[in-house]
Amino acid sequence: MLHIKCPHCGMRSQNEFSYGGDATVKRPELNKEVTDQEWDNFVYNRVSPRGKHFELWQHLSGCRQWIKVERDTATHEIFKTYKANEEIA
Amino acid sequence: MTQSYRIETGGLINRNKKISFKFNGVTYFGYEGDTLASALLANGVHLVGRSFKYHRPRGFFGAGVDEPYAVVQLYRNGETEPNIKATEQELFEGLKASSVNCWPSVNFDIGAINNFLKIFLPAGFYYKTFMWPKSFWYKIYEPFIRKAAGLGVASTKHDKERYEHKYEYCDILIAGSGPSGLASAYSAAKNGAKVILAEDKPRYGGSLLTSDVNIGNQSGKDWADAIISELKEMPNVTVKNRSQVFGYYDHNMLVMSEKVSDHLPKTKKYHPNKRLWYIRAKEVLISSGSIERPIVFGNNDTPGVMLSSAAKEYLKVYGVLVGRKPLVFTNNDSGYETAIEFKKHGVEPIVLDSRSNPQSEIIDEAKNLGINIKNSHVVVAAQGYKKVKSADVATISEDKKTLGKIENIICDCICVSGFWTPTIHLASQSGNKTKFNEEIDAFVPGVSKQNETTLGAANGVFTLEETLKTSFEKGEELSKKITEKDNEISIPNVVEKKYSKHDKFWCVPLPKGKSYKRFLDFQNDVAVSDVEIALREGYRSIEHVKRYTTLGMATDQGKTSNLNGLQLVSEIENKVVPSVGHTTFRPPYTPISIGAIVGREVGKHSKPTRKSPIHNWHEEHNAVFVDAGVWLRPRYYKRGNETLFEASKREAKNVRMNVGVCDVTTLGKIDVKGPDAAEFLNRVYTNAWLKLPVGKARYGVMLREDGIVMDDGTTTRISENHYHMTTTTAQAANVLSHLEYYLQLVWPELNVNVVSTTEQWAGAAIAGPKSRDLLQKLFPKTDVSNEGLPFMGYVEGDLFGVKARIFRISFSGELAYEVNVESDNGRFMWEKIIELGEEFQIQPYGTEALSTLRIEMGHVAGSELDGRTIPYDNALEGLLSKKKDFIGKRSLQRAAFVAEDRQRIVGVVPLDKKTSIPEGSHLVKDANAPLPNKKLGHISASCWSVEHDNPFSLAILKDGKKMIGEKLFVMSPLKNKVIPVEIVSSHYVDPKGERVRS
Ligand SMILES: [Zn+2]
């Protein structure tokens, strides 16, 4: 079980969180014309990298904040966590 | 029966407390402190079971967790448990156990016929033999294998025992209380670190219990006892015996199984049977020691052949002789320790040493005691069927290829020592890159991935002096980093015997003309010849060889077989062992009870139970409850001998005729607040929200980004910046998360907050033509007329001193209201409604009537909003705003979603107006068409229409719009039903929606 540092609450066990997918995906702006391909890329198409991955988690059984986690998908090492409004670097 | 193999004195058992127990129906006696294995051996019982494949007789091979054979079925306090190692099971008064793998009895076993048919059962026999003909598998092969194989039978009864889970954090977790565990725990504890020391056996001390050493002028065991008592006194230390750390997971999370009650005849009141500890440790010290490995020779699975270390442990810990004519077969000095113990107790052992001229302190001691030692000698084969009677022995050449003349020696046990294998399972599970150590012919931990260090024998360090030194130092070093304290500890003097080099020899060649089975894996019956076949058939990867032969795949995880298997593969393949590599070690290290893994989350506790504040009233009025997610809701209120069908019909009818009340507390409720709340709702819902006035409710549908309907419900504008959103019971949690996602990540610029208020409000739906009359009685001061409170209107009211929210919304299609009060007043509200509703013939109604009412109205719910339908499918396209964007809108342009013949909700009525239609059935054009009969749609919900008094269903049907009036067939192969039906509109009652506005 992973040990995730919530930027608001500190180190917490994985079972307090729920996974929310790729954190680098940006929703197209409202009312903006987008092609089928752009929309499909937003809704469906994801890379599944081996190695560093920025992902979203929600601290569901804690502060309920969505956070960004930089994690290695192969080793599970967590390098850094960010608040929802922090830009990932 | 007398304990004829128990020596007069000695051992760590309590001879003052005699214990009676039964094995295979026979009563025996042992002492407190025995294991089932030691007590049986004390009584001269060696035959305990049959092997897995060939059903060969099985005895005891080890004395602890490494035991591959002595797996028994245990009976305790009216319960039974399979897969218990007799070597680990502590004796208690009244214990009952029986052999497994044998039928009808351990002495006469039908399956043993496999042993004589063994040419048919080589490696891969499961894959080859039982392949053809296919029909034979279910009828003949499988039942036979099931009857003849297996490691016992699982109980079919409900397990009355209690199992607990415990979460713990510590600075340093130490697995194993041998010398390295004790030393590192001591120095870490002295520095103030929070330490957990875990020992899988009942007694602490590990190898110190059986080795002949001195530490600081006391015996090893006395030193261990003193350290343990001191540790137990320290507040920062938790010392646990009978506790196996069996799994090492990510981020230094380890799991330990503590056997709290297995050693007792009955679990004490309020105690668990087992406790599973989830431990998050800053540092982990693995001091799991090593396991002696066997030398492979002919018939080496005969009862009476066992590890030399086990024989020594039975003698030193339990005071039990495993034989009176022992043969010790060794390739290193460890065998001599066992021989010397035998000799000290008046038994004359013979030592066969594969080395030609070994020299060491301990060998000198053995010689001085007059022990018969034969150098360059090996056991070629054990003789005897149910017990060793003699051994064929021979000299062996220096290159270990050629045997000399075979001679037969009478003996009653063969104690084998093929040197030591470090127990690296935990390190390997943690991701440690293990490496092969040529010095000891075994893998040892290498580069750590997590904060883990392996000490002592588990790390391939076999001298006590070095073990203690490195362990004291490691404990001190790690704890200093954590606590920033440093208590210098003086390392005690150690007196131990020096070992000479072991012989790199592990398998005795077959003599000419003999085809003895030489077993590698004793639990799964994998012999040298099986691995040879696998390699001959082209299997190369050790992982493939393992799966094809089942080598190391039994419940003992190959603790005694892995390395010899690797040696064999590398020898045949002409490779070095490290390039063959070992198979992956996976948790658990040793079998763990399913009960312990499940813990308290069983039966009713497998999920939380949520009850409405009105629950007790429902209970008092004969409600029959149903699980709705984690909520318990009344399904119907039973009157007399009513069936579900009768009661729900009565309740639904009463809503259509008079008035009914339904507990709707379970609906999800979310407060949406802030100056941008309207804009936010406008983006979340598919319809327009910017112009909803205060005091009005609106029905809304929300989509996922992929265009699929996520949820529906009404949202009411309570005040300027305050909206009260309702969700379905099932989706409440997901909707909240969904809203938080958009507010926190996608549109953080919106000034809106959301919070769940589900538990703050109790809700009652009052529905039926007489509902307004009732409402007026409940709120005499409020204008509830059609003008004062129109459809989709909202007012606040005073319910006899209790503040209430009144919504004019309807799920039943009737004139209806929903009243909310703060949860604490829920029952008060409910009782008032019932009391004042009496004159209007009010009846409470449950979820079954609720479903009936919504189905015949054609209102969609969870069974239509099933994660596969878009708004059009549910006839909700009228709610899609053309003027604004919303979540999921762009997806609705996808070709499949705008297809002409898109599926759509319809009503379904059986032609005979009698036959009920099973939910989930398929709709087809032609009931007699050949398979696969093309499915046109499925029945999503069924009811008995109280309005029309005949069955009615909703269905999601391909090209549904055009199908109204068509005749189709409903097919349910599951219920074996074919029903001719007519497709009608989904609005079966009041299609114009006049009642809700009346
Ligand atoms: Zn948090």
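Nothing here was measured: the structure is a model prediction, and the numbers come from that model.

**Student:** Even after reading the chapter, I still don't get the coordination of the zinc ion, so can you show me in this structure?
**Tutor:** Put simply, a metal with four donors set out as a tetrahedron has ideal angles of 109.5 degrees, and one with six donors set out as an octahedron has ideal angles of 90 or 180 degrees. Residues and elements named next belong to chain A. Distances from the zinc ion to its protein donors, namely C6 (SG), C9 (SG), H59 (ND1) and C63 (SG), fall within the range 2.0 to 2.3 Å. The coordination sphere of the zinc ion comprises four donor atoms, whose angles at the metal cover 105 to 114°; the geometry is tetrahedral. Donor residues binding the zinc ion come from one chain and are separated in sequence as C-x2-C-x49-H-x3-C. Of this pair, C9 sits in the loop between β1 (3-6) and β2 (10-13) while H59 sits in the loop between β4 (52-58) and β5 (66-72), and the two are 50 residues apart along the sequence.

**Student:** What exactly am I supposed to notice about the nonpolar core here?
**Tutor:** Taken as a class, soluble globular proteins show a tendency for nonpolar side chains to be buried jointly. Residues F60(B), Y314(B), L327(B), F329(B) and I414(B) are the most contacted members of the largest nonpolar core, which totals 82 residues. For Y314(B), the residues in contact, after removing those within four places along its chain, are A37(B), S38(B), L41(B), F60(B), G62(B), A63(B), T87(B), M306(B), G319(B), V320(B) and V322(B).

**Student:** Even after reading the chapter, I still don't get the interface of chain A and chain B, so can you show me in this structure?
**Tutor:** Quite often, the size of an interface is put as the accessible area lost when its parts meet. On the side of chain B, 29 residues touch chain A, which itself brings 28 residues to the contact. Each partner contributes to the roughly 2400 Å² buried at the junction of chain A and chain B, and carbon and sulfur atoms together form 51% of this total. Put simply, chain A and chain B have three salt bridges between them. As a salt-bridge pair, R64(A) and E740(B) come within 2.7 Å of each other at their nearest N and O atoms. The tally of links between chain A and chain B comes to 17 residue pairs in polar contact (both at pLDDT 80 or more). Contributions of two or more residues to the side of chain A that touches chain B are made by α1 (36-43), β4 and β5 of chain A. In terms of residues, the side of chain A that touches chain B owes the most to one element, α1(A), which gives five residues. For the side of chain A that touches chain B, the class distribution of residues is 13 nonpolar, nine polar and six charged.

**Student:** What am I meant to see in helix α13 (residues 542-549) of chain B here?
**Tutor:** Note: α-helices contain 3.6 residues per turn, so residues at a spacing of three or four share the same orientation. Residue and element names in this part refer to chain B. A large share of α13 lies buried, amounting to six of its eight residues. Taken as a whole, α13 has its buried residues at I542, E543, V545, K546, Y548 and T549. Two to three positions downstream of the cap, the backbone nitrogen of E543 sits 3.0 Å from a side-chain oxygen, assigning the N-cap of α13 to S541. Just past α13, the residue T550 takes up positive phi, approximately 70°.

**Student:** Got a minute to help me understand the sheet that holds strand β42 (residues 802-807) of chain B in this structure?
**Tutor:** Adjacent strands of a sheet pair through backbone hydrogen bonds, lying either parallel or antiparallel. Residue and element names in this part refer to chain B. Taken in spatial order, the six strands line up as β41-β42-β43-β40-β34-β44 in an open sheet, and their pairing is mixed. Every other strand in the sheet has two partners, leaving β41 (794-799) and β44 (843-844) as the edge strands with one partner each. The sheet strands contacting helix α22 (residues 826-837) are β34 (660-663), β40 (761-767), β41, β42, β43 (816-822) and β44, and the helix crosses β40 at an angle near 15°.

**Student:** Sorry if this is basic, but what is going on with the sheet that holds strand β22 (residues 390-395) of chain B here?
**Tutor:** Residue and element names in this part refer to chain B. The three strands are arranged β21-β22-β23 in an open sheet whose pairing can be described as antiparallel. Two strands bound the open sheet, and with one partner strand each, they are β21 (377-383) and β23 (407-410). Adjacent strand axes in the sheet meet at a mean angle of 35° when their direction is disregarded. Pairing geometry for β22 and β23, over four bridges, is antiparallel. Across the sheet, the residue bridging to V393 is E407, located in β23.

**Student:** I keep staring at the packing of helix α8 (residues 334-344) of chain B against helix α9 (residues 361-368) of chain B and nothing clicks. Help me out?
**Tutor:** All names here are of chain B. Remark: α8 packs on α9, axes separated minimally by 9 Å, with the N-to-C direction vectors making an angle of 30°. The orientation of α8 with respect to α9, classified from their angle, is roughly parallel. The handedness of the crossing between α8 and α9 comes out as left-handed. In this structure, α8 contributes Y336, E337 and I340 to the contact, and α9 contributes I362, I363, E365 and A366. Taken together, the residues of the contact of α8 with α9 sort by class into five nonpolar, no polar and two charged.

**Student:** Please clarify how the packing of helix α12 (residues 528-536) of chain B against α13(B) should be interpreted in this entry.
**Tutor:** Packed helix pairs are characterised by how far apart their axes lie and by the angle those axes make with each other. Residue and element names in this part refer to chain B. With their axes 10 Å apart at the nearest point, α12 and α13 run at an angle of 120° to one another. Here α12 lies oblique to α13, going by the angle between them. The chirality of how α12 crosses α13 is right-handed. Here α12 contributes D530, V531, A534 and L535 to the contact with α13, which in turn contributes V545, Y548 and T549. Residue composition of the contact of α12 with α13, grouped by class: five nonpolar, one polar and one charged.

Conventions used here
- Residues numbered from 1 in each chain as written.
- Chains lettered and ligands numbered in written order.
- Predicted model: local features only at pLDDT ≥ 70, side-chain atom pairs only at ≥ 80, totals over all residues.
- Heavy atoms only, no water.
- Donors = N, O, S within 2.8 Å, 3.2 Å for Na, K, Ca; no water.
- Tetrahedral: all angles 85-135°; square planar, octahedral: opposite > 155°, others 65-115°.
- Helix = DSSP H or I, 4+ residues; strand = E, 2+ residues; numbered from the N terminus.
- Core = buried A, V, L, I, M, F, W, Y, C linked by side-chain atoms within 4.5 Å.
- Buried < 20%, exposed > 50% of the residue type's maximum accessible area, 1.4 Å probe, protein only.
- Contact = heavy atoms within 4.5 Å.
- Buried area = accessible area lost by both parts, 1.4 Å probe.
- Salt bridge = Lys/Arg side-chain N within 4 Å of Asp/Glu carboxyl O.
- Polar contact = N/O pair within 3.5 Å; in protein donor to acceptor, adjacent residues only side chain to side chain.
- Nonpolar A, V, L, I, M, F, W, Y, C, P; charged D, E, K, R; others polar.
- Pairing = 2+ DSSP bridges.
- Axes fitted to C-alpha atoms, helices over the stretch in contact; angles between N-to-C directions.
- Parallel < 35°, antiparallel > 145°, perpendicular 65-115°, else oblique.
- Left-handed = near helix turned anticlockwise from the far one by under 90°.

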